[in-house]
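If you want the building blocks of each chain, they are given just below.
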2 protein chains.
Amino acid sequence: MGEHTVSSFDQDLEHIDKLIREMSDLAASMVRDAIRALLHTDAAAAQRIISEDAVMDAKQREIDDSAITLIAKRQPMAQDLRAVLGAIRMAGDLERIGDLAKNVAKRVGAVGEGSTPRGLSHGIDDMATLVLAQIKGVIAAYAARKPEDLRTLRVDDEKIDLKYTSVFRELLTYMMEDPRNITACTHLLFCAKNLERIGDHMTNIAENAYYVLTGSQLPANRPKQDETATTVLAE
Amino acid sequence: MGEHTVSSFDQDLEHIDKLIREMSDLAASMVRDAIRALLHTDAAAAQRIISEDAVMDAKQREIDDSAITLIAKRQPMAQDLRAVLGAIRMAGDLERIGDLAKNVAKRVGAVGEGSTPRGLSHGIDDMATLVLAQIKGVIAAYAARKPEDLRTLRVDDEKIDLKYTSVFRELLTYMMEDPRNITACTHLLFCAKNLERIGDHMTNIAENAYYVLTGSQLPANRPKQDETATTVLAE
């Protein structure tokens with residue numbers, strides 16, 4: 001932790017870290033369960049995930065309150081202040097991941113009513129696998145205080161973006177082949193987009209976690225590989 | 001500003017407010033220009049908006065730095081600290097609005113290559129009008145320090161959500177009618193979704209602005225009116 005040895009400040013920050021790890025674990029299980037509910041049209045599981053979002057919101061508020069108390073009580077210097085703000089930001093990104101998992105869960109019914117081609121499930125499942133590996137990797141690197149791992153993990157978001165681009169193209173193709181696929185595929189498109197956004201939030205978290213651990217910023221933004229905004233299929 | 005009269009703290013917060021107003025103005029013009037570029041297939045304007053996003057990012061960093069300096073220098077009490085954190089959050093939401101406007105601008109080419117039915121332009125244009133009114137209203141209420149206006153404005157996000165639901169249904173219908181519409185309509189769907197998300201960010205901003213001005217939270221979340229996650233069209 002740099003210049004100061006174990007202090008009350010570090011102990012307070014450790015409490016916030018613990019809350020962040022709890023939010024991270026919940027975020028990972030919400031994403032995993034939401035994709036599972038989506039691919040198996042499990043309405044009961046979807047409902048459970050939707051209700052878990054309130055737990056995420058409550059934990060974020062707890063982190064915010066702890067952070068405010070910590071700053072007011074300890075009056076930390078600029079560098080330590082930044083670490084606390086980094087923690088507040090991480091909690092903000094985790095809360096957004098909970099929202100995005102909830103949004104996938106909400107689409108379970110609408111996708112289930114259509115006919116979902118097998119191949120599409122695979123693409124989304126592959127994206128989810130990459131996203132979950134990213135969440136677990138970042139949590140583990142942060143818990144083990146390994147900033148170099150965070151630097152490496154940040155680059156992995158490219159794989160998610162590339163997979164998203166291929167799922168996007170596949171979904172458009174299915175829609176063009178048969179208009180009966182359009183409703184389900186549109187909802188799957190938003191689910192895939194949500195997974196891609198979860199990847200972006202994990203990139204933010206990796207960057208903030210690196211900052212909290214080291215006090216330094218990771219070098220400038222990695223290039224974005226999501227090319228779907230300019231994707232046009234031959235018609 | 002509650003219990004304390006004009007102080008150095010208030011002057012520093014005023015500087016942050018000024019930066020937030022600048023970000024708000026830029027966010028409003030980016031959204032307006034992005035929708036205009038989309039509806040007129042104006043690639044040059046789109047490119048300009050994409051480059052403006054860097055200005056937003058720089059202003060957000062400036063607000064973050066000013067906020068850290070303010071906290072470290074003035075060591076404010078809990079209530080004032082919350083106001084500063086509220087300002088940091090407002091800057092975060094404005095930065096995301098810049099990202100979303102940039103994402104609309106990036107889709108200008110992909111939409112332009114398809115055939116965009118007239119009716120759809122109207123729906124998206126109407127959404128943009130509501131979103132811009134929301135941005136301007138919230139900026140004005142914050143600048144004039146009128147928290148009650150912020151409370152009223154927050155409710156207006158429902159109108160954006162309802163419009164989004166109708167644009168969503170319309171876009172699905174066009175896709176089903178003619179597969180040649182699918183690519184352009186998919187990109188328009190994401191543009192409409194981006195506008196809906198901008199509305200959500202403005203809701204966050206209204207809530208944080210209210211907090212910064214009054215020191216109190218607005219009552220519990222208004223209900224969400226975006227019903228598209230469960231929208232299924234008869235096929």
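In this text, all values refer to a predicted model and were calculated from it rather than measured experimentally.

Participant: In this structure, what is going on with the overall build of chain A? I would like to understand it.
Facilitator: Of regular secondary structure, chain A possesses seven helices and zero strands. Reading the helices (α) and strands (β) of chain A from amino to carboxyl end gives α-α-α-α-α-α-α. In terms of overall size, chain A behaves like a compact globule, its C-alpha atoms giving a radius of gyration of 19 Å where 235 residues would be expected to give roughly 18 Å. In terms of its C-alpha atoms, chain A occupies a principal-axis envelope of roughly 65 × 35 × 25 Å. Looking at the 235 residues of chain A, the share that counts as buried comes to 57%. Counted over contacts in chain A with a minimum sequence separation of 6, partners at least 24 positions apart contribute 84%. For chain A, the exposed area adds up to about 9500 Å²; of that, 51% sits on carbon and sulfur atoms. When the 29 basic and 37 acidic side-chain charges of chain A are each reduced to a single mean position, those positions are 1 Å apart.

Participant: Looking at this structure, I do not really get the UniProt feature "domain: PhoU" (unreviewed entry) in chain A. What am I missing?
Facilitator: Residues and elements named next belong to chain A. As recorded in UniProt, the sites labelled "domain: PhoU" (unreviewed entry) are residues 20-108 and 124-208. What you have in residues 20-108 is 93% helix and 0% strand, and the ends, taken at the C-alpha atoms, are 28 Å apart. In residues 124-208, the share of helix is 92% and the share of strand is 0%. The end C-alpha atoms are 27 Å apart.

Participant: What's the story with the nonpolar core in this structure? I'm lost.
Facilitator: The tendency in soluble globular proteins is for nonpolar side chains to be buried as a group. Val31(A), Ile135(A), Leu195(A), Val31(B), Ile135(B) and Leu195(B) are the most contacted members of the largest nonpolar core, which has 156 residues in total. If we ignore the near neighbours within four places in the chain, the residues touching Val31(A) are Ile97(A), Ala101(A), Val131(A), Leu132(A), Ile135(A), Leu195(A) and Ile198(A).

Participant: Just to check I follow, could you spell out the pattern of salt bridges for this structure?
Facilitator: Opposite charge on two side chains allows them to pair when their charged atoms are near. Inspection of the entire model under this criterion finds 36 salt bridges over all chains. Note that Lys59(B) is salt-bridged to Glu22(B), the shortest N-O span being 2.9 Å. Here Lys59(B), found in helix H2 (residues 43-74), pairs with Glu22(B), found in helix H1 (residues 8-40); they are 37 residues apart in sequence, far enough to count as distant. With relative accessibility at 26%, the residue Glu22(B) sits in the partly exposed group. Between Lys102(B) and Asp53(B) there is a salt bridge; the shortest N-O distance is 3.1 Å. Of this pair, Lys102(B) sits in helix H3 (residues 78-106) while Asp53(B) is found in helix H2, placing the two residues 49 residues apart along the sequence. Members of the salt-bridge network, linked through shared partners, are Glu14(A), Asp17(A), Arg21(A) and Arg145(A).

Participant: Any chance you could explain the side chain of Arg197(A) here in plain terms?
Facilitator: With respect to the element layout, Arg197(A) can be found in helix H7 (residues 182-214). The buried charged residue Arg197(A) lacks any salt bridge, with Glu196(A) as its nearest oppositely charged partner at 6.2 Å. Ignoring sequence-local partners within four residues, the contact set of Arg197(A) consists of Arg96(A), Leu100(A) and Arg197(B).

Participant: Explain the interface of chain A and chain B here, please?
Facilitator: Interface extent is often summarised as the accessible area lost during association of the parts. Tallying the contact residues gives 40 residues for chain A and 40 residues for chain B. At the boundary of chain A with chain B, total buried surface from both sides reaches about 3800 Å², with 64% on carbon and sulfur atoms. The largest per-residue losses of area from chain A upon contact with chain B belong to Ile68(A), Phe190(A) and Ala229(A), which jointly make up 16% of the total buried on that side. Here chain A is connected to chain B by four salt bridges. For Asp65(B), the salt bridge goes to Arg82(A), with nearest N and O atoms at 3.4 Å.

Rules and cut-offs
Residues numbered from 1 in each chain as written. Chains lettered and ligands numbered in written order. Predicted model: local features only at pLDDT ≥ 70, side-chain atom pairs only at ≥ 80, totals over all residues. Heavy atoms only, no water. Helix = DSSP H or I, 4+ residues; strand = E, 2+ residues; numbered from the N terminus. Rg over C-alpha atoms; globule rule 2.2 N^0.38 Å. Buried < 20%, exposed > 50% of the residue type's maximum accessible area, 1.4 Å probe, protein only. Contact = heavy atoms within 4.5 Å. Areas by Shrake-Rupley, 256 points an atom, 1.4 Å probe, with all protein chains shown as cover. Lys, Arg positive; Asp, Glu negative; His and termini not counted. Charge placed at Lys NZ, Arg CZ, Asp CG, Glu CD. UniProt positions renumbered as here; feature names shortened; annotations may be inferred. Core = buried A, V, L, I, M, F, W, Y, C linked by side-chain atoms within 4.5 Å. Salt bridge = Lys/Arg side-chain N within 4 Å of Asp/Glu carboxyl O. Buried area = accessible area lost by both parts, 1.4 Å probe.

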